[in-house]
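Examination of the molecular architecture
Read off the chains here:
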Amino acid sequence: MTVDNIQALVLLQLLGFVFLPVYIASKVCTLPEYMMKRFGGQRIRMYLAVLSMVLYVFTKISVRVFLLIFIIQSRV
């Protein structure tokens, strides 16, 4: 196990101990649901959901394009 893995393990456990009770107490499952309950209104929930999806798609596309270019360059 590397130092990075150990740090990630510790950080994930810390975040779980901090955020899990908040999620359980407010009876929500996702961050957009929590934001809707916390700040009220559907607009913040929709904004966060769309932002999350757009960032997810862009990160996946950029990684795949990078890997494709890397594979093409390594074969040439």
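For the structure given in this document, a descriptive report is provided here. (Residues numbered from 1 in each chain as written. Predicted model: local features only at pLDDT ≥ 70, side-chain atom pairs only at ≥ 80, totals over all residues. Heavy atoms only, no water.)

**Topic: the overall build of the protein chain**
A count of helices and strands for the protein chain gives 3 helices and 0 strands. Of the regular secondary structure in the protein chain, the N- to C-terminal order runs α-α-α. Against the 2.2 N^0.38 benchmark of 11 Å for 76 residues, the protein chain shows a C-alpha radius of gyration of 18 Å, more extended than a compact globule. Across its three principal directions, the C-alpha atoms of the protein chain cover 55 × 35 × 15 Å. A burial count over the protein chain gives 5% of its 76 residues as buried. Total accessible area on the protein chain stands at roughly 7000 Å², and carbon and sulfur atoms take up 73% of it. (Helix = DSSP H or I, 4+ residues; strand = E, 2+ residues; numbered from the N terminus. Rg over C-alpha atoms; globule rule 2.2 N^0.38 Å. Buried < 20%, exposed > 50% of the residue type's maximum accessible area, 1.4 Å probe, protein only. Areas by Shrake-Rupley, 256 points an atom, 1.4 Å probe, with all protein chains shown as cover.)

**Concerning unusual backbone geometry**
The residue K27 is not glycine, and still its phi comes out positive at about 60°. Structurally, the position occupied by K27 is in the loop between helix 1 (3-26) and helix 2 (31-39).

**Points about the side chain of S26**
Within the secondary structure, S26 sits in helix 1. There is a polar contact of 3.0 Å between the side chain of S26 and the backbone oxygen of V22. With residues near it in sequence (within four places) discarded, S26 still touches Y34 and K37. (Polar contact = N/O pair within 3.5 Å; in protein donor to acceptor, adjacent residues only side chain to side chain. Contact = heavy atoms within 4.5 Å.)

**What about a nonpolar patch on the surface?**
Side chains of L11, L12, L14, L15, V18 and F19 sit close together on the surface and give an oily, nonpolar patch of about 580 Å² of accessible area. Here L14 shows up in helix 1. (Patch = residues over 30% accessible without salt bridge, like charges linked within 9 Å, V, L, I, M, F, W, Y side chains within 5 Å. Salt bridge = Lys/Arg side-chain N within 4 Å of Asp/Glu carboxyl O.)

**Here we look at the packing of aromatic side chains**
As enumerated under the stated definition, the model contains 2 aromatic pairs in all. The interplanar angle of 20° and the centroid separation of 6.4 Å between the aromatic rings of F66 and F70 together place this pair among those described as stacked. In this pair, F66 and F70 both sit in helix 3 (residues 42-75), 4 residues apart, roughly one turn of the helix. Under the relative-accessibility criterion, F66 is labelled exposed at 55%. Cation over ring: R38 sits above F39, and NZ or CZ is 5.3 Å from the ring centre. (Phe/Tyr/Trp six-rings, centres within 6.5 Å; stacked < 30°, edge-to-face > 60°. Lys NZ or Arg CZ within 6 Å of the ring centre and 35° of its normal.)

Geometric descriptors of this kind do not, in isolation, establish any biological role.
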